[in-house]
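Residue strings, one per chain:
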Amino acid sequence: MDRLSEPVRVNGRDYARPRHPVVVVCVDGCEPDYITQAMQAGVAPFLKSMLERGSSRIGDCVVPSFTNPNNLSIVTGVPPSVHGISGNYFLDVASGKEVMMNDPSYLRAPTLLAAFAQAGAKVAVVTAKDKLRAMLGHGLSGICFSAEKAGQATLADSGIDDVPALVGKPVPSVYSADLSEFVFAAGAKLMQTRRPDLMYLSTTDYVQHKCAPGTPEANAFYAMMDGYLAQLDAAGAIIGLTADHGMSPKTDAAGRPQVIYLQAELDSLLGADAARVILPITDPYVVHHGALGSFATVYLPQAAVARAQAAIEALPGIYLVLTREDAARRFELPSDRIGDLVVVADHLTVLGTRPSLHDLSGLTVPLRSHGGISEQKVPLLFNRKLRDVPAGRRLRNFDVFDLALNHVNPPPS
């Protein structure tokens, strides 16, 4: 076999080398109903065509259903137990500090993006928020930049410069639908001008946090996306589309945030600061969700674990409480980067620490968020038919590169 036709092996999987450009899109917060509603409204003709002439499946994302662990699962093809990224945020037990997991030093596995580049493929990555850029681009010899800081991209650090001029758009606000549109516009321009063999586009969920499926704002977002996907298809690309997580309303019947403040509950049970609650949804961009998600980890004295577990399980709105070992096994998480307990809220409830530590002033619409099992179902859409996929195979969002490279019928020559 010619070396250039040999598959690329990454983290125990073999991936065929692309003979046509392959574009994988991660639509942040894309509950499958967003696509269904946009198609029914008649604003997403290309997405509808993907269902008719391509393939549509539903997959499971990683729990916690947050951005960082799922994006890294997608680009490594493996769960967090292998790549090490268990949330957006975690407790560094050695230092006692809560830190962002946005540095490549936390990665425990190589990305397939870097592996393909090392094998001679032209690779491009465009992400919305800069928090992901360093990890997605770790070890990558190719193009990698964020929409958030597109104006700062240079040949030396991003493999490209003058990005706003290439895209024909100014650098957008991080709190806007324009941030995601910049990602799609950049992807379309890169396909026209650079024609990468492999491209990964990752958006932001600003719209999904604010707008339910079928609303005019949500449909406008998917109409925008639909147009750029059609351009990529017209350029001959194989497209695989998935999401890092879904999105759910987290309110009571009156539209008020439905929050369990876990730190406050445990302070009452065990005494102030005997327990330490970590919210892995936390990142620099909390205006649209107030750092409230449906997944938390709790660090406790060992003697208090069973008592705390029973008390949390009894709270209305709690779906599941697992010990470290059980959570690591069930959700395929690195056991050294989660707490003594893992807490998952139900589909209408979010978890916080103390009321005074959450600024909800930015919530101008009823809270929508994610993190739990209720946001695990995500789309897996392809613009070509899938082949040789066993009927009983459980599909995950991090199977998208495997499906796009190994199981999609190629475009006609």
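A brief structural summary. (Residues numbered from 1 in each chain as written. Predicted model: local features only at pLDDT ≥ 70, side-chain atom pairs only at ≥ 80, totals over all residues. Heavy atoms only, no water.)

As a further point, take helix α14 (residues 324-331). Along α14, the residues classified as buried are R324, A327, A328 and F331. What you see down the axis of α14 is that its buried residues fit within an arc of 100°, all on one side. More than 90 degrees from the buried face of α14, the exposed residues found are E325 and R329. Among the residues trailing α14, E332 stands out with phi positive, at a value near 55°. (Buried < 20%, exposed > 50% of the residue type's maximum accessible area, 1.4 Å probe, protein only. Helix = DSSP H or I, 4+ residues; strand = E, 2+ residues; numbered from the N terminus. Arc of directions from axis to C-beta.)

Strands sit in the order β13-β14-β16-β15 across an open sheet of four strands; the sheet is antiparallel. In this open sheet, the two strands that pair with only one neighbour each are β13 (276-278) and β15 (318-323). When the angles between neighbouring strand axes are averaged without regard to direction, this sheet yields 25°. Here strand β14 (residues 295-299) pairs with strand β16 (residues 341-345) via four bridges, running antiparallel. Pairing of T297 across the sheet is with V342, part of β16. (Pairing = 2+ DSSP bridges. Axes fitted to C-alpha atoms, helices over the stretch in contact; angles between N-to-C directions.)

On to the packing of helix α9 (residues 178-193) against helix α11 (residues 216-234), then. Where α9 contacts α11, the axes come no closer than 9 Å and their chain directions differ by 10°. Classified by the interaxial angle, the pair formed by α9 and α11 is roughly parallel. From α9, S180, E181, F184, A185, G187, A188, M191 and Q192 reach across to α11, where they touch F221, M224, M225, Y228, L229, Q231 and L232. Taken together, the residues of the contact of α9 with α11 break down into ten nonpolar, four polar and one charged. (Parallel < 35°, antiparallel > 145°, perpendicular 65-115°, else oblique. Contact = heavy atoms within 4.5 Å. Nonpolar A, V, L, I, M, F, W, Y, C, P; charged D, E, K, R; others polar.)

Mapped onto the secondary structure, V63 falls in the loop between β4 (55-60) and α3 (67-76). A relative accessible area of 1% means that V63 is categorised as buried. Setting aside chain neighbours within four positions, we find V63 in contact with F295, F331, L333, G371, G372, I373 and Q376.

In this section: empty space enclosed by the protein. Applying the stated rule across the entire model yields three cavities of 30 Å³ or more. The calculated volume of the second largest cavity comes to roughly 50 Å³. As for the second largest cavity, its lining consists of S86, G87, Y89, F90, L91, I278, P280, F295, T297, Y299, R337 and I338. Listing elements by their share of the lining of the second largest cavity, those giving two or more residues are β5 (89-92) and β14. (1 Å grid on protein atoms, 1.4 Å probe; cavity = no way out; pocket = protein on both sides within 12 Å on 5 of 7 lines; lining within 4 Å. Points joined across faces, edges and corners; volume = space filled by probe spheres on them.)

What follows deals with the packing of helix α12 (residues 262-270) against helix α13 (residues 305-313). Relative orientation of the contacting elements α12 and α13 amounts to 125°, with a least axis distance of 11 Å. With respect to α13, the axis of α12 lies oblique. Crossing handedness for the pair α12 and α13: right-handed. Only R307, A308, A311 and I312 of α13 make contact with α12, whose side of the interface consists of L262, L266, L269 and L270. Classifying every residue of the contact of α12 with α13 by side-chain character gives seven nonpolar, no polar and one charged. (Left-handed = near helix turned anticlockwise from the far one by under 90°.)

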